[in-house]
Amino acid sequence: MNQPAEDNLWYQPNLDVFLNRWYPSYEAAQSARERHGGFLLPYKNHFFVCEPEVIRALGLDPDDSDWEKIGWDAAQPRDVEAYERLHEKRRRVLQGQVD
């Protein structure tokens, strides 16, 4: 089984149909997420803030309580255990092992 590349874990090509807010630094993305809400996700050397529809398109539940536990921030999550659960769910989606 192929393991997904870590820097591609939170992004996939079909997400370009959504209007995501992209940032060159974590600080800018985190500030924007705090002001406007959304989910902060890393992609390679950049960061983007997206709406719940993107999380659904990634095969995850935007209402999963682990998002709140990590502060809706997959780049620098507040709760490592909650992040690990989301990370594992995303890996399963990429590997076709959806629960």
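Notes on the structure follow. Keep in mind that this is a model prediction, so the values were computed, not measured.

**Here we look at the overall build of the protein chain**
Right, on to step 1. In terms of regular secondary structure, the protein chain is built from four helices and three strands.
Right, on to step 2. Helices and strands in the protein chain line up, N terminus first, as β-α-β-β-α-α-α.
Right, on to step 3. Buried positions account for 39% of the 99 residues belonging to the protein chain.
Right, on to step 4. Within the protein chain, contacts between residues at least 6 apart in sequence are counted, and of these 54% link residues at least 24 apart.
Right, on to step 5. Entry remark: accessible area of the protein chain is about 5900 Å², with carbon and sulfur atoms responsible for 48%.

**Considerations on the nonpolar core**
Right, on to step 1. One finds Trp10, Leu41, Cys50, Ile55, Leu58 and Trp67 to be the most contacted residues of the largest nonpolar core, which totals 18 residues.
Right, on to step 2. At the level of elements, strand 2 (39–43), strand 3 (46–50), helix 2 (52–57) and helix 4 (80–94) are the ones that each hand at least two residues to this core.
Right, on to step 3. In terms of residues, this core owes the most to one element, helix 4, which gives three residues.

**Description of helix 1 (residues 26–36)**
Right, on to step 1. Those residues of helix 1 lying buried are Tyr26, Ala29, Ala32 and Arg33. The buried residues of helix 1 occupy one face: seen down the axis, they fall within an arc of 135°. Facing away from the buried side of helix 1 by over 90 degrees, the exposed positions are Glu27, Glu34 and Arg35.
Right, on to step 2. Backbone geometry just after helix 1 places Gly37 at a positive phi near 80°.

**Here's the deal with the environment of Asn20**
Right, on to step 1. Relative to the helices and strands, Asn20 resides in the segment before strand 1 (21–23).
Right, on to step 2. The class for Asn20 is buried, based on a relative accessible area of 11%.
Right, on to step 3. C-alpha separation for the pair Asn20 and Glu51, spaced 31 residues apart in sequence, amounts to 7.6 Å.

Reading the values: rules and limits
- Residues numbered from 1 in each chain as written.
- Predicted model: local features only at pLDDT ≥ 70, side-chain atom pairs only at ≥ 80, totals over all residues.
- Heavy atoms only, no water.
- Helix = DSSP H or I, 4+ residues; strand = E, 2+ residues; numbered from the N terminus.
- Buried < 20%, exposed > 50% of the residue type's maximum accessible area, 1.4 Å probe, protein only.
- Contact = heavy atoms within 4.5 Å.
- Areas by Shrake-Rupley, 256 points an atom, 1.4 Å probe, with all protein chains shown as cover.
- Core = buried A, V, L, I, M, F, W, Y, C linked by side-chain atoms within 4.5 Å.
- Arc of directions from axis to C-beta.

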